[in-house]
Amino acid sequence: AGLESEKAELCKKLDQNSSTMSELRSENEELKTSLKEGKESARLLNNEKCDLLSRLEKANNDIEIPHAKVSKLLSESEELKEELRVIIHERDFLSKKSQDLSSRISDL
């Protein structure tokens, strides 16, 4: 009777182990699927990251081009201001000269 109960106990443990192995295999398959999905998701995210970096670089380049144009326009603006200052100075000088001549003519 002791041998029979020991045999029954071993069969019970074998069934439990078999059931546990089956559960572990199933869990392993789920993990493999999850890992595969995770890798695919990581690949898609990496592609999206590369796309965003590329778009960001293009946007930066698009900004730099107008910035260069703005710098050039500001430089030209400064040059024109300087020319205008010189012209105003010459006008004032000539205006004074004209007044001086006018007053000298009227004195004659």
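Everything below is about the structure printed above this text.
Residues numbered from 1 in each chain as written. Predicted model: local features only at pLDDT ≥ 70, side-chain atom pairs only at ≥ 80, totals over all residues. Heavy atoms only, no water.

S.K.: Can you tell me about the overall build of the chain, naming the residues and giving the values?
M.R.: When helices and strands are counted, the chain shows one helix and zero strands. By the compact-globule yardstick of 13 Å for 108 residues, the chain is too spread out, its C-alpha radius of gyration being 46 Å. By its C-alpha atoms, the chain is 155 × 20 × 10 Å across when sized along the principal axes. With 108 residues in all, the chain has 0% of them scored as buried. If you sum the accessible surface of the chain, you get close to 10300 Å²; carbon and sulfur atoms cover 58% of it. Averaged over its 19 positive side-chain charges, the chain has a centre that lies 3 Å from the centre of its 24 negative ones. (Helix = DSSP H or I, 4+ residues; strand = E, 2+ residues; numbered from the N terminus. Rg over C-alpha atoms; globule rule 2.2 N^0.38 Å. Buried < 20%, exposed > 50% of the residue type's maximum accessible area, 1.4 Å probe, protein only. Areas by Shrake-Rupley, 256 points an atom, 1.4 Å probe, with all protein chains shown as cover. Lys, Arg positive; Asp, Glu negative; His and termini not counted. Charge placed at Lys NZ, Arg CZ, Asp CG, Glu CD.)

S.K.: Explain the environment of Asn28 to me, using residue names and the numbers behind them.
M.R.: Relative to the helices and strands, Asn28 is located in helix α1 (residues 2–107). Looking at Asn28, the relative accessible area reads 37%, which means it is partly exposed. The spatial distance from the C-alpha of Asn28 to the C-alpha of Asn46 is 26 Å, given a sequence separation of 18 residues.

S.K.: Give a description of the pattern of salt bridges that names residues and reports values.
M.R.: Across all of its chains, the model carries eight salt bridges by this definition. Between Arg55 and Asp51 there is a salt bridge, with its nearest N and O atoms 3.6 Å apart. Separated by four residues within a single helix, Arg55 and Asp51 lie in helix α1, roughly one turn from each other. According to the relative accessible area criterion, Asp51 is partly exposed, its value standing at 40%. In this structure, Glu82 engages Arg85 in a salt bridge whose closest nitrogen and oxygen atoms are separated by 2.6 Å. Here Glu82 pairs with Arg85, and both are found in helix α1, just three residues apart, close to one helical turn. (Salt bridge = Lys/Arg side-chain N within 4 Å of Asp/Glu carboxyl O.)

S.K.: Give me the environment of Leu80: which residues, what numbers.
M.R.: Note on placement: Leu80 falls in helix α1. For the pair Leu80 and Ser103, spaced 23 residues apart in the sequence, the C-alpha separation amounts to 34 Å.

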